[in-house]
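# Coordinates in review
The primary structure of each chain is shown beneath.
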Amino acid sequence: MVNQELLLNCDARFRRYGTTDKMIEHKPTDYFGSRHKFAFMAFLGLAAVYMARVNLSVTIVDMVRMPSSSATIVNTTKRNPTSTVCPIRNAATTFTNDGEFDWDIETQGFVLGSFFWGYTITQIPGGLLARKFGGKYVLGIGIFLTGLLSLATPLAARSSTTTLITVRILTGLAEGVTLPAVHHMLSAWVPTQERSTIGAFVLAGMQFGTVVALPLSGFLCDVNLDGGWPLAFYVPGFLAVIWFLGWWWAVSDSPENDPHISEDERKFIQISIGNLQRDSTIQTPWLAMATSVHVWAILIAHIGKSWGFSILLTELPTYLNTVLHFNMKANCLLSAMPYMAMWLCSILFSCAADELRRKHILSTTQTRKLFNTIGFIAPAFAFVGASFTGCDQAATVTLIILATAFIGAVYSGFEVNHIDIAPEHAGVLMGITNCLASTCGFIAPYVISQIVTTQGSVDQWRIVFLLSVVVYVATNSFYVVFATGEEQQWNRAKRSESS
């Protein structure tokens, strides 16, 4: 067992850079240890749960009866004569879909947005439950229930719109615990000097799931079996259930509870993290969190990222369809390209971040601020460019892909900053910030609906893009001024008392 005095007296260099000579002494030589097994399974879990989350944005095109072409939609919409509307250059972009459901635009909005009603509710409880019962159980059950609800979605849709909305709310409730539980487990499993790399790899599962779900959903909708679109819910649901069986068998809640971990790897993780055993009875320092400017920095950054990402994930298909006249059902692969770029860039940025910390070129605080700035300011520049490319499809799509790709840097910025400042309460902190930031999921579409009153208007969408630029710059500025990578005293004090 590792000496307790060693763990409670980590030197200043360890806190600043996340490495000590003692840690290097115990660093395991194997390339794939128990911490990597946890990371890989968590990555697959987030991928599965995101497949069940984003598939509706594609399948709803096939589910809803839309007898008119995109040209007719543009021409019958009330238009401002001063607004610029792009011409339809290719008649192949128009289509007619004889879906099962006769839902108007408002009903479709309720169906798409209902997920977030449940998602915001279970964020904070998810972090508290993970600390009390273990992240393995909360994460596993959350994804398992999400899979079951995905399997039930086609039946719910065919039952009634109210039943479908109820199932989507329940899906949000089940999925809401996943990110807090993941952060709780990252704080227990990941050595500090690998926090950017492993943390970004795990969280990139969300983008990987999106990359797979968008083209796969479009393909499944064209399969001549039960109408096609139900398969887009059955496949992610089945994968989530299969994943759950593997997760329950292969992963332990912490290194202390893993019967298969090597002693070298266990010591390496314990010395790096700085505590031996988590105490589920520790009280959450709510007042200290609420009054910490560093927590507020993470929260503001999280809101900024969620705003921009909501624009890209939720509203991008509408923009490509109504402004640039892309047939989204026929261009599912195009829709997935930005998230493929984001997934790849998040891995590259995370490796660079941990290398900068390992070589003592930058401290943890400097690293978080640098990569958060890359993840906010580069997309802001891309949004500025996209707002003035007008009807140039190639230029606009290229800039949108670049904007989404650079957002991948935030996984080495504020996304893992919760674990830096309060590893004992990382799950709860993620629950708090993600709960408030998730409100952008329904606030952003409402704001856009107030700005874009003329369907297909290039000028009005320019306002949307420039507003996102302001949000990115303002929230990143607050983060750069007030963020830190240092563990906070209110986290260490609670840990010392429990010891």
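Next up on the list: the overall build of the protein chain. Helix and strand counts for the protein chain stand at 24 helices and zero strands. For the protein chain, with 499 residues in total, the buried portion stands at 58%.

As a further point, take helix 9 (residues 161-175). Taking 1.5 Å per residue as the helical rise, helix 9 with its 15 residues ought to reach 21 Å, and the 21 Å between its terminal C-alpha atoms agrees with that figure. Listed in full, the buried residues belonging to helix 9 are Leu 164, Ile 165, Val 167, Arg 168, Thr 171, Gly 172, Ala 174 and Glu 175.

Together, Tyr 137, Ile 141, Leu 145, Leu 148, Leu 151, Phe 238, Leu 239, Ile 242, Leu 245 and Trp 248 give the surface a local cluster of nonpolar side chains, amounting to about 880 Å² of exposed area. Elements supplying a minimum of two residues to the nonpolar patch: helix 8 (135-159) and helix 13 (231-250). Under the relative-accessibility criterion, Leu 145 is labelled partly exposed at 38%.

Another point: empty space enclosed by the protein. Any empty space left between atoms is shown by rolling a water-sized probe over those atoms. For the structure on display, the rule yields six cavities of 30 Å³ or more. Taken as a whole, the largest cavity encloses approximately 270 Å³ of empty space. Around the largest cavity, the lining is made up of 20 residues, and of these Tyr 50, Arg 53, Lys 305, Ser 306 and Phe 309 lie nearest the centre. For the lining of the largest cavity, the secondary-structure elements that each account for two or more residues are helix 4 (34-63), helix 6 (105-119), helix 12 (205-221), helix 16 (293-322) and helix 21 (426-437). Here the element with the most residues in the lining of the largest cavity is helix 16; it accounts for seven residues. For the lining of the largest cavity, a count of residues per class yields nine nonpolar, eight polar and three charged.

Its 12 residues give helix 22 (residues 440-451) an end-to-end C-alpha distance of 16 Å, which sits within 8% of 16 Å, the value for a rise of 1.5 Å per residue. Looking at helix 22, one finds that the buried residues are Cys 440, Gly 441, Ala 444 and Ile 448. The buried residues of helix 22 occupy one face: seen down the axis, they fall within an arc of 100 degrees.

Tracing the backbone shows Ser 34 in helix 4. On the accessibility criterion, Ser 34 (7% relative accessible area) is buried. In terms of polar contacts, Ser 34 uses its side chain to reach the side chain of Asp 258, at 3.2 Å. Contacts of Ser 34, omitting those with residues within four sequence positions, involve Trp 189, Asp 258, His 260, Ile 261 and Glu 265.

Next up on the list: the nonpolar core. One finds Phe 38, Leu 186, Val 202, Trp 247 and Tyr 319 to be the most contacted residues of the largest nonpolar core, which totals 98 residues. Sequence-distant contacts of Tyr 319, that is, excluding residues within four places in its chain, are made with Leu 324, Ala 386, Gly 390, Thr 396, Ile 400, Trp 461 and Phe 465.

Moving on, we get to the pattern of salt bridges. All chains considered together, the criterion is met by 13 salt bridges. One salt bridge in this structure joins Asp 226 and Arg 158, with 3.0 Å as the shortest N-O distance. Taken together, the residues span a long stretch of sequence, with Asp 226 in the loop between helix 12 and helix 13 and Arg 158 in helix 8 at a distance of 68 residues. Take Arg 158: its relative accessible area is 35%, and that puts it in the partly exposed class. A single salt-bridge network, built from bridges that share partners, covers Arg 35, Glu 194 and Glu 265.

Quick look at the environment of Gly 485 now. On the secondary structure map, Gly 485 appears in the loop between helix 23 (458-482) and helix 24 (489-498). Judged by relative accessible area, Gly 485 falls into the buried class, the value being 6%. Along the chain, Gly 485 and Ala 422 lie 63 residues apart, while their C-alpha atoms are 9.7 Å from each other. Contact partners of Gly 485, with chain neighbours within four places excluded, come to Thr 364, Thr 365, Asn 417 and Asp 420.

Turning next to the packing of aromatic side chains. Geometrically, a pair of aromatic rings is defined through the distance of the ring centres and the angle of the planes. Counted according to the given criterion, the structure contains 26 aromatic pairs. Seen from their ring centres, Phe 115 and Phe 116 are 5.4 Å apart, and the 90 degrees between their planes marks the pair as edge-to-face. Relative accessible area serves as the criterion here: at 13%, Phe 116 is assigned to the buried category. Ring geometry for Phe 376 and Tyr 472: centres 5.3 Å apart, planes at 75 degrees, overall edge-to-face. With a gap of 96 residues between them, Phe 376 in helix 18 (residues 364-386) and Tyr 472 in helix 23 connect regions that are remote in the sequence.

In this section: the environment of His 184. Looking at the element boundaries, His 184 is found in helix 10 (residues 178-189). The spacing of His 184 and His 418 is 234 residues in sequence and 9.7 Å in space, taken between C-alpha atoms.

Turning our attention to the confidence of the model for the protein chain. Across the protein chain, the average pLDDT comes to 81, with 83% of residues at or above 70. Contacts of residues 1-25 to residues separated by more than four positions or lying in other chains number 51 contacts, the stretch itself having pLDDT below 50.

Taken N-terminus to C-terminus, the directions of helix 10 and helix 21 make an angle of 150 degrees; their axes are 7 Å apart at the nearest point. Taken together, the axes of helix 10 and helix 21 lie roughly antiparallel to each other. The way helix 10 lies across helix 21 gives a crossing that is right-handed. On the side of helix 10, the interface is formed by Leu 179, Pro 180, His 183, His 184 and Ser 187, while helix 21 contributes Ala 426, Gly 427, Met 430, Gly 431 and Asn 434. Among the residues forming the contact of helix 10 with helix 21, the class breakdown is four nonpolar, six polar and no charged.

Our next topic: the environment of Trp 248. Within the secondary structure, Trp 248 is located in helix 13. The class of Trp 248 is partly exposed, set by a relative accessible area of 36%. Here the alpha-carbon distance between Trp 248 and Tyr 137, two residues 111 residues apart in the chain, equals 8.2 Å. In contact with Trp 248, other than residues within four places in its own chain, are Lys 136 and Tyr 137.

Before going further, it helps to spend a moment on the packing of helix 7 (residues 123-133) against helix 10. It is the contact of helix 7 with helix 10, at a shortest axis distance of 7 Å, that shows an interaxial angle of 35 degrees. Seen from above, helix 7 lies across helix 10 with right-handed handedness. For the pair formed by helix 7 and helix 10, the contact residues are Gln 123, Gly 126, Gly 127, Ala 130 and Arg 131 on the first element and Pro 180, Ala 181 and His 184 on the second. In the contact of helix 7 with helix 10, the residues fall into three nonpolar, four polar and one charged.

Rules and cut-offs
- Residues numbered from 1 in each chain as written.
- Predicted model: local features only at pLDDT ≥ 70, side-chain atom pairs only at ≥ 80, totals over all residues.
- Heavy atoms only, no water.
- Helix = DSSP H or I, 4+ residues; strand = E, 2+ residues; numbered from the N terminus.
- Buried < 20%, exposed > 50% of the residue type's maximum accessible area, 1.4 Å probe, protein only.
- Expected span 1.5 Å × (residues − 1).
- Patch = residues over 30% accessible without salt bridge, like charges linked within 9 Å, V, L, I, M, F, W, Y side chains within 5 Å.
- Areas by Shrake-Rupley, 256 points an atom, 1.4 Å probe, with all protein chains shown as cover.
- Salt bridge = Lys/Arg side-chain N within 4 Å of Asp/Glu carboxyl O.
- 1 Å grid on protein atoms, 1.4 Å probe; cavity = no way out; pocket = protein on both sides within 12 Å on 5 of 7 lines; lining within 4 Å.
- Points joined across faces, edges and corners; volume = space filled by probe spheres on them.
- Nonpolar A, V, L, I, M, F, W, Y, C, P; charged D, E, K, R; others polar.
- Arc of directions from axis to C-beta.
- Polar contact = N/O pair within 3.5 Å; in protein donor to acceptor, adjacent residues only side chain to side chain.
- Contact = heavy atoms within 4.5 Å.
- Core = buried A, V, L, I, M, F, W, Y, C linked by side-chain atoms within 4.5 Å.
- Phe/Tyr/Trp six-rings, centres within 6.5 Å; stacked < 30°, edge-to-face > 60°.
- pLDDT = per-residue confidence, 0-100.
- Axes fitted to C-alpha atoms, helices over the stretch in contact; angles between N-to-C directions.
- Parallel < 35°, antiparallel > 145°, perpendicular 65-115°, else oblique.
- Left-handed = near helix turned anticlockwise from the far one by under 90°.

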